[in-house]
Structures are given as structure tokens and as C-alpha cells.
Amino acid sequence: MKHSPDFAEIKAMDKADPLRAMRDQFILPEGVIYLDGNSLGAASAAVLQSLQEATQEWSQDLIKSWNKAGWFELPLVLGDRIGQLIGAARGQVVVCDTTSSNLYKVLHAALAMRPDRSVIVAEGGSFPTDLYVAEGVMSVLSGKSMRLEGVDAPDIESLIDESVAVVLINHVNYKTGELRDMAALTQKAHDAGALIIWDLCHSAGALPVHLDEAKADFAVGCTYKYLNGGPGAPAFIYAAQHLQGQIRQPLSGWWGHARPFAFEQTYDASAGIGQFLCGTQPILSIRALKGALSIWEQVDLQTVRQKSIALTDLFINLVEAKCADYGFELESNRNGQKRGSQVSFSHANSYEIMQALIARGVIGDFRAPSSMRFGFTPLYTSYEDVWQAVQVLEDVMKSGVWRDAQYAVRTAVT
Ligand SMILES: *Cc1c(COP(=O)(O)O)cnc(C)c1O
């Protein structure tokens, strides 16, 4: 049987953790073990400081701040900063809008680059917005269709053939945490003449990503999960340098114009990654993101990844050792190399159990129909947090307190 560490060993793991000091930069409430950074990252002193500065810029310098505080350039400046975290050289990432609207832009643009092909390949188990957006794009282009992994075939590779224009794929599955092999799948798409779009929502800031090295075409992702940019923080788009001259995205607003302040009558797209901008960006949110990204200048993603695997391994180990009798089924890959920074267990009463955990200060989340998700964020999650969380889970199960009627009441956001 696998060795389960005791509390003294857990303490020793925290003591030896090279990221231990990072936790002090985050603001977490007393008595809370936060295992939901994969849905909304925690606040940090750097973000609050950034917001404070932004209020000064706005109130004191008013419209001058577009130039003086560099507001206008921030989408590209922060795009390059995110590029460093996802393996993208300069000039290929822009911060803007939401992941959903960015998906619309890149999917539409990618389809236009393969006009003689009609098929989009995606996952049946995709984060739903990706599929909803694909439906929306197909509704304005005639003759396109979608093939889904898990619906039309068991694996995505067998859906990719010469009729495929675009493969739209999640790097890490939002529900199970399954991690795809970016280089191999990109190669497979390219061998068939297709383009590939990677959704990095659950990998940016969670693990090292190598977009350039994998020769990816496009990527999108959000900044409010592992990058801790704040609720509704703007998303990003990556487009490989060599494609940028061929791209035409459909939301041709003035911020994507080559000369926005020439106020010309007709649209002339900017030649670079800036063409993915549409209109005026949410500067207060972008200013918050600037603070959040400054934290990443002090950390190495390999170290983050190592700790992430150790935290998730430990969680699986402890749940299986202490809660073996309660019917939890591991939905995530047992192999840490094939898992993002989360662990999911399924249970018929996942919703109620999660509510009982949250009431006791252990915050994870529920994903319909039966998943309990626990996100592990190496910058502010300790090994002791993992230990305590499993203690609380064991207690909730042993006592049966999750059966209390209050925990069955459904909230709008789960
Ligand atoms: C969180 C998430 C999104 C979110 O899209 P928004 O437009 O920011 O709401 C999209 N895709 C995936 C895979 C996600 O995990």
C-alpha cells in the first residue's frame, strides 16, 4: 500500500518548499483553505496597490493618463508579459476582452484562412463556452460543421483529416484536469493541413506552456484563474508571428485599426497582434492585471509545476487513504504529468458535500453533474492546507453532516 505521510512529514514539506514565501504576497481570509484558484485566483497586495495607483491616474490625470500612464499600450505590454509565461516571443500576445469573445475572433479568423475546408474539430467535454462560440461562428458562415471527441469518435486524433479547417482544443480539461500533449496534437493538426487553437484557461500560470516551441497557431486564455488578475480580468489572444499577415478577424473595431487616431472612414487592420483589439479596453481591470503579473517576475514555472504535482499527488493520496469508504471516484489522471493543477472526484452527492466543505472554510467547487473540483495554486497553497482540507472532508463524511437540508439548496454560481 502507498505510504501516506503524517502531519510531521507535511510540516517538513512546507518547510522545504521554495515557494513558501510567496504566500505572504496574497491576501486570504483567516480560517479559509482556498482550493478554487482554478476558478478565481486570490487577491494580492500587488493588485490592490495597482488599483490604488489607477484611481490616482484617473482622478488626478484624467484623460492624460492614456499617454502619461501608458494606458493605451497596456494590452500589448501585458500581452508580452503573459507571453513569457506561455512560451511566446514578443509581439504575439495581446490582452483584451473575454476568452469567449476572443475565441470568436480567432475561430472566425482561422476558418477564413482555410476557405476550402468546412470542419471544426472540438471536444464534447470542452468547456461549454468554446462550443457555444463555435455554434455562433458557424451561424454566420455557411456550410461549416463540427465534429466532437466523445460524440463522433472516442479520441480527437481520429477526427482530424483533410476536411478539417480548425482544431479547437482545451489544453487542460476544466472538469477532470486532463492535460493534452500540445506539441503532438499541434503536429497532428498540421500534418492534416489544419490550424489549431489552444484554450489555455486552465494552464496559463498553472504550468509551463510552450506555444512557440509547439508551433501552435492560435491560443486564448483568461487571467482571472491561475494568473490572479481579479474577477472578470481581461483575457488574452496569441497568434503566431508568421500568420499575422494573413489574419482578418471579424470584430473590426477602431482599436484594431492601423491608425486609430487618424479617424479614417474605412477599416485598415493593424499588421501586428494589435489587430485583435476591438474597442476601448477595461483599463481598471487591466491595471489590476498589471499588478498581478508583477508577482510572476519572481517565480519560475518549473518550480510551480513541481509543487503543483506534489500538492495534487498528496491530495489524491490522502483522500484515498482517509476517505476510502465514502464512494469518491477519482476523475483526474493519476499520473501527475498528465494532469493540470486540479483534482476532481465524482460522487452522487458532490453538490451537498461541497456546500458542507465550503461552510467549514474549505472552498472548492462543483461542476455538474457530479464533480467536486479542488484547485491547487502553488503560490499560495501549502501542504498543510491539503492536509487540513482532507481532515475536513473526512469529518464531513464521517459525521454525515452534508445530509443537512441546507446544503442541498442550489446557488446560481456553483
Ligand atoms: C474559464 C474558462 C473560460 C471562460 O471564458 P470567459 O469568456 O472568461 O467567461 C473559457 N474556456 C475555458 C476552457 C475555461 O476554463
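Residues numbered from 1 in each chain as written. Predicted model: local features only at pLDDT ≥ 70, side-chain atom pairs only at ≥ 80, totals over all residues. Heavy atoms only, no water.

Trainee: Explain the overall build of the protein chain to me, and be specific about the residues and the numbers.
Mentor: Counting its secondary structure elements, the protein chain contains twelve helices and 15 strands. In summary, the protein chain has a C-alpha radius of gyration of 22 Å against a globular reference of 22 Å for 414 residues, a match within 12%. With 414 residues in all, the protein chain has 54% of them scored as buried. Counted over contacts in the protein chain with a minimum sequence separation of 6, partners at least 24 positions apart contribute 73%. Working note: accessible area of the protein chain is about 17500 Å², and carbon and sulfur atoms make up 54% of it. In the protein chain, which carries 35 positive and 46 negative side-chain charges, the distance between the mean positions of the two groups comes to 2 Å. (Helix = DSSP H or I, 4+ residues; strand = E, 2+ residues; numbered from the N terminus. Rg over C-alpha atoms; globule rule 2.2 N^0.38 Å. Buried < 20%, exposed > 50% of the residue type's maximum accessible area, 1.4 Å probe, protein only. Contact = heavy atoms within 4.5 Å. Areas by Shrake-Rupley, 256 points an atom, 1.4 Å probe, with all protein chains shown as cover. Lys, Arg positive; Asp, Glu negative; His and termini not counted. Charge placed at Lys NZ, Arg CZ, Asp CG, Glu CD.)

Trainee: Outline the site of the ligand, supporting the account with residue identities and numerical values.
Mentor: As a matter of local geometry, the ligand sits amid Thr98, Thr99, Ser100, Phe127, Thr129, Asp130, Asn170, Asp199, Cys201, His202, Tyr224 and Lys225. Residue Thr99 places a main-chain N or O atom 3.5 Å away from an oxygen atom belonging to the ligand. The contact in question runs from an oxygen atom of the ligand to an N or O atom on the side chain of Tyr224, over 2.7 Å. Among the elements of the structure, helix 5 (99–112) and helix 6 (128–140) are those that each provide at least two residues to the shell around the ligand. Residue composition of the shell around the ligand, grouped by class: three nonpolar, six polar and three charged. (Near = heavy atom within 4 Å. Polar contact = N/O pair within 3.5 Å; in protein donor to acceptor, adjacent residues only side chain to side chain. Nonpolar A, V, L, I, M, F, W, Y, C, P; charged D, E, K, R; others polar.)

Trainee: Before we move on, can you summarise a nonpolar patch on the surface with the specific residues and values?
Mentor: A surface patch of nonpolar side chains, amounting to about 690 Å² of accessible area, comprises Ile27, Leu48, Leu51, Trp58, Leu62, Ile63 and Leu284. Considering each element in turn, the nonpolar patch owes the most residues, three residues, to helix 2 (residues 45–61). Relative to the elements of secondary structure, Ile27 occurs in strand 1 (residues 26–27). (Patch = residues over 30% accessible without salt bridge, like charges linked within 9 Å, V, L, I, M, F, W, Y side chains within 5 Å. Salt bridge = Lys/Arg side-chain N within 4 Å of Asp/Glu carboxyl O.)

Trainee: Mind laying out the nonpolar core, listing which residues take part and the relevant values?
Mentor: Counting 89 residues, the largest nonpolar core has Ile86, Phe218 and Leu379 as the members making the most contacts within it. There are two domains that each give this core at least three residues, and those are domain 1 (7–30 + 300–408) and domain 2 (48–298). Discounting residues that sit within four places of it in the chain, Phe218 has contacts with Val106, Ala110, Met113, Ile196, Ile197, Trp198, Tyr238, Ala239, Leu243, Ile247 and Phe276. Judged by nonpolar contacts, the second largest core, of 32 residues, contains Leu318, Val319, Phe328 and Val343. (Core = buried A, V, L, I, M, F, W, Y, C linked by side-chain atoms within 4.5 Å. Domains from an automatic or database assignment.)

Trainee: Describe helix 7 (residues 182–191), naming the residues involved and giving the relevant values.
Mentor: Listing the buried residues of helix 7 in full gives Met182, Leu185, Thr186 and Ala189. Angular distribution of buried residues about the axis of helix 7 spans 100 degrees; they occupy a single face of the element. For helix 7, the secondary structure elements touched by its buried residues are strand 7 (164–170), strand 8 (195–199) and helix 8 (211–214). Looking at where helix 7 begins, the residue whose side-chain oxygen comes 3.3 Å from the main-chain nitrogen of Ala183 is Asp181. (Arc of directions from axis to C-beta.)

Trainee: Describe the pairing of strand 4 (residues 93–96), with residues and values.
Mentor: Covered by surrounding structure in strand 4 are Val93 and Val95 together with Val94 and Cys96, the residues of both alternating faces. Bridge analysis of strand 4 against strand 10 (residues 235–239) gives four bridges, and the strand direction is antiparallel. Opposite Val95, over in strand 10, you have Phe236 as the bridge partner. (Pairing = 2+ DSSP bridges.)

Trainee: Account for the packing of helix 2 against helix 9 (residues 283–295), with residues named and values stated.
Mentor: The relative placement of two packed helices is expressed as an angle between their axes plus a distance between the axes. Contact geometry for helix 2 and helix 9: axes closest at 8 Å, N-to-C directions at 145 degrees. You can see that helix 2 and helix 9 cross each other, and the crossing is right-handed. In this structure, helix 2 contributes Ala46, Val47, Ser50, Leu51, Glu53, Ala54, Glu57 and Trp58 to the contact, and helix 9 contributes Leu284, Arg287, Ala288, Lys290, Gly291, Ala292, Ser294 and Ile295. The residue inventory of the contact of helix 2 with helix 9, partitioned by class, reads nine nonpolar, three polar and four charged. (Axes fitted to C-alpha atoms, helices over the stretch in contact; angles between N-to-C directions. Left-handed = near helix turned anticlockwise from the far one by under 90°.)

Trainee: Run through the UniProt feature "modified residue: N6-(pyridoxal phosphate)lysine" (unreviewed entry) in the protein chain, naming residues and quoting values.
Mentor: Per the UniProt annotation, the sites labelled "modified residue: N6-(pyridoxal phosphate)lysine" (unreviewed entry) are Lys225. Position of Lys225 among the secondary structure elements: in the loop between strand 9 (218–221) and strand 10. When residues no more than four places from it in sequence are discounted, the contact partners of Lys225 are Gly37, Asn38, Ser39, Gly41, Cys201 and His202. (UniProt positions renumbered as here; feature names shortened; annotations may be inferred.)

Trainee: Give me the domain arrangement of the protein chain: which residues, what numbers.
Mentor: Examined at the domain level, the protein chain breaks down into domain 1 (7–30 + 300–408) and domain 2 (48–298). Taken together, the contact between domain 1 and domain 2 spans 28 residues of the former and 20 residues of the latter. Carbon and sulfur atoms supply 58% of the area that domain 1 and domain 2 bury against each other, a total of about 2000 Å² over both sides. Summed over the shared surface of domain 1 and domain 2, the result is zero salt bridges. Taken together, the links from domain 1 to domain 2 amount to eleven residue pairs in polar contact (both at pLDDT 80 or more). (Buried area = accessible area lost by both parts, 1.4 Å probe.)

Trainee: Let's hear about the sheet that holds strand 10: which residues, and what values?
Mentor: The strand order across the open sheet built from seven strands is 4-10-9-8-7-5-6, with neighbouring strands paired in mixed fashion. The sheet is open, and its two borders are formed by strand 4 and strand 6 (145–149), each paired with just one other strand. Between one strand and the next, the sheet's axes are offset by a mean angle of 20 degrees, whatever the strand orientation. With three bridges connecting them, strand 8 and strand 9 associate as parallel partners. Bridge pairing links Asp199 to Val220 in strand 9. The strands touched by helix 7 within the sheet are strand 7 and strand 8, with strand 8 carrying the most contacts at an inclination of about 150 degrees.

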